[in-house]
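One letter stands for each residue in the lines below.
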Amino acid sequence: MNEQDARKQAVAKAALAYVEDDSIVGVGTGSTADFFIDALAGIKGRIAGAVASSEKTAARLQQHGIRVVELNSVSELTVYVDGADEITEHMAMIKGGGGALTREKIVAAVAQRFVCIADASKLVPVLGKFPLPVEVIPMAQSYVGRQMVKLGGMPRLRQGFSTDNGNLIIDVHGLSIVDPVALESRINNIAGVVTVGLFAQRPADVLLLGGAEGVRTLRRA
């Protein structure tokens, strides 16, 4: 295991401290979330099940024998655990590198606490170096792309990819996102956008950051 994966594994294990007995756990998507699923398998007898943010996550949970529950059958989640493509110290994130941003945002909205797990390389002063994913209805692809240009971005269609919802992803390069809350609203209000991969209106509550010195815990002010 390389050093970055070791850090991801360390934060994934640390996130188990936020899992309550007999609860249903919201689980994200991506390489760091996969480490969390593997860690969660070790305490699966203590939890009631998990809500998955993607088909891929659901399959991995089931492989570990963890019961997968539909979100519509759950009134609330005590915790949602997921990674980030970028995150600031104010807990605003870019997510969606794996294409699951819409379902991730929905599960995060239901959770009382959002625990982000990431290696130290994901902590940035300003969001935008990582291309911003935008999930769009297929017929709106060109229109939304033109709107992204007006915002100063360079939109690129993610080739050969469709989301679990049957939509497309436009990755927007070249943005410097100084006001992520405002930009999240602005992009979400564009006709044809399903959601944007900015998690700023509902940011993380806790960030477990894996670095050379171990796992650091940052909390939202």
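These lines cover the structure that appears in this document, whether it is placed above or below. (Residues numbered from 1 in each chain as written. Predicted model: local features only at pLDDT ≥ 70, side-chain atom pairs only at ≥ 80, totals over all residues. Heavy atoms only, no water.)

### Notes on the environment of Gly-128
Next up, step 1: Within the secondary structure layout, Gly-128 lies in the loop between β6 (111–119) and β7 (132–136).
Next up, step 2: Residues Gly-128 and Val-51 lie 77 residues apart in sequence; the distance between their C-alpha atoms is 29 Å.
Next up, step 3: Apart from the residues within four sequence positions on either side, Gly-128 is in contact with Glu-86, Ile-94, Leu-175 and Ile-177. (Helix = DSSP H or I, 4+ residues; strand = E, 2+ residues; numbered from the N terminus. Contact = heavy atoms within 4.5 Å.)

### Re the packing of aromatic side chains
The description of an aromatic ring pair uses the distance of the two centres, along with the angle that the planes make with each other.
Next up, step 1: Applying the stated criterion across every chain yields a total of one aromatic pair.
Next up, step 2: Its end group placed over the ring of Phe-199, Lys-105 keeps NZ or CZ at 5.1 Å from the ring centre. (Phe/Tyr/Trp six-rings, centres within 6.5 Å; stacked < 30°, edge-to-face > 60°. Lys NZ or Arg CZ within 6 Å of the ring centre and 35° of its normal.)

### Digging into the sheet that holds β6
Next up, step 1: Pairing is mixed across the open sheet formed by six strands, whose spatial order is β2-β1-β3-β6-β12-β13. Two strands in the sheet have a free side with no partner beyond their single neighbour: β2 (49–52) and β13 (214–219). Each adjacent strand pair in this sheet contributes to an overall mean axis angle of 25 degrees, direction not counted.
Next up, step 2: Direction of pairing for strand β12 (residues 206–211) relative to β13: antiparallel, over a ladder of six bridges. (Pairing = 2+ DSSP bridges. Axes fitted to C-alpha atoms, helices over the stretch in contact; angles between N-to-C directions.)

### Describing the packing of helix α1 (residues 3–14) against helix α2 (residues 31–40)
Next up, step 1: At a minimum axis separation of 8 Å, α1 and α2 run at an interaxial angle of 50 degrees. As the angle between them shows, α1 and α2 are arranged oblique. Viewed along their axes, α1 and α2 form a crossing whose handedness is right-handed. Contact with α1, carried on its side by Asp-5, Lys-8, Gln-9, Val-11, Ala-12 and Lys-13, involves Ser-31, Thr-32, Phe-35, Phe-36 and Ala-39 of α2 and no other residues of that element.
Next up, step 2: Partitioning the contact of α1 with α2 into residue classes produces five nonpolar, three polar and three charged. (Parallel < 35°, antiparallel > 145°, perpendicular 65-115°, else oblique. Left-handed = near helix turned anticlockwise from the far one by under 90°. Nonpolar A, V, L, I, M, F, W, Y, C, P; charged D, E, K, R; others polar.)

### Observations concerning helix α5 (residues 141–150)
Next up, step 1: Listing the buried residues of α5 in full gives Val-144, Gly-145, Gln-147 and Met-148. For α5, the buried positions fall inside an angular range of 160 degrees around the axis, keeping them on one side.
Next up, step 2: In the stretch just after α5, Gly-152 is the one whose phi turns positive, near 95 degrees. (Buried < 20%, exposed > 50% of the residue type's maximum accessible area, 1.4 Å probe, protein only. Arc of directions from axis to C-beta.)

### Here we look at the pattern of salt bridges
Next up, step 1: On inspection of all chains with the given rule, the structure shows 14 salt bridges.
Next up, step 2: When the shortest N-O distance is used, the salt bridge between Lys-56 and Asp-34 registers 3.0 Å. Linking Lys-56 in helix α3 (residues 55–63) with Asp-34 in helix α2, this pair joins segments that are 22 residues apart in sequence.
Next up, step 3: With a closest N to O distance of 2.8 Å, Asp-205 and Arg-202 form a salt bridge. (Salt bridge = Lys/Arg side-chain N within 4 Å of Asp/Glu carboxyl O.)

### A word on the sheet that holds strand β5 (residues 93–94)
Next up, step 1: One open sheet holds the three strands; their spatial order is β4-β5-β11, and the pairing between them is antiparallel. Two strands bound the open sheet, and with one partner strand each, they are β4 (86–87) and β11 (198–199).
Next up, step 2: Of the pairings in the sheet, the one linking β4 to β5 comprises two bridges and is antiparallel in character. What sits directly across from Ile-87, in β5, is Met-93.

### Side note on unusual backbone geometry
Next up, step 1: Positive phi is not limited to glycine here, since Asp-22 has a value of about 65 degrees.
Next up, step 2: Inspection of the secondary structure assignment puts Asp-22 in the loop between α1 and β1 (24–27).
Next up, step 3: Of the residues examined, Asp-22 reaches a relative accessible area of 64% and is grouped as exposed.
Next up, step 4: For Met-91, which is not glycine, the phi dihedral falls at a positive 75 degrees.
Next up, step 5: Looking at Met-91, the relative accessible area reads 0%, which means it is buried.

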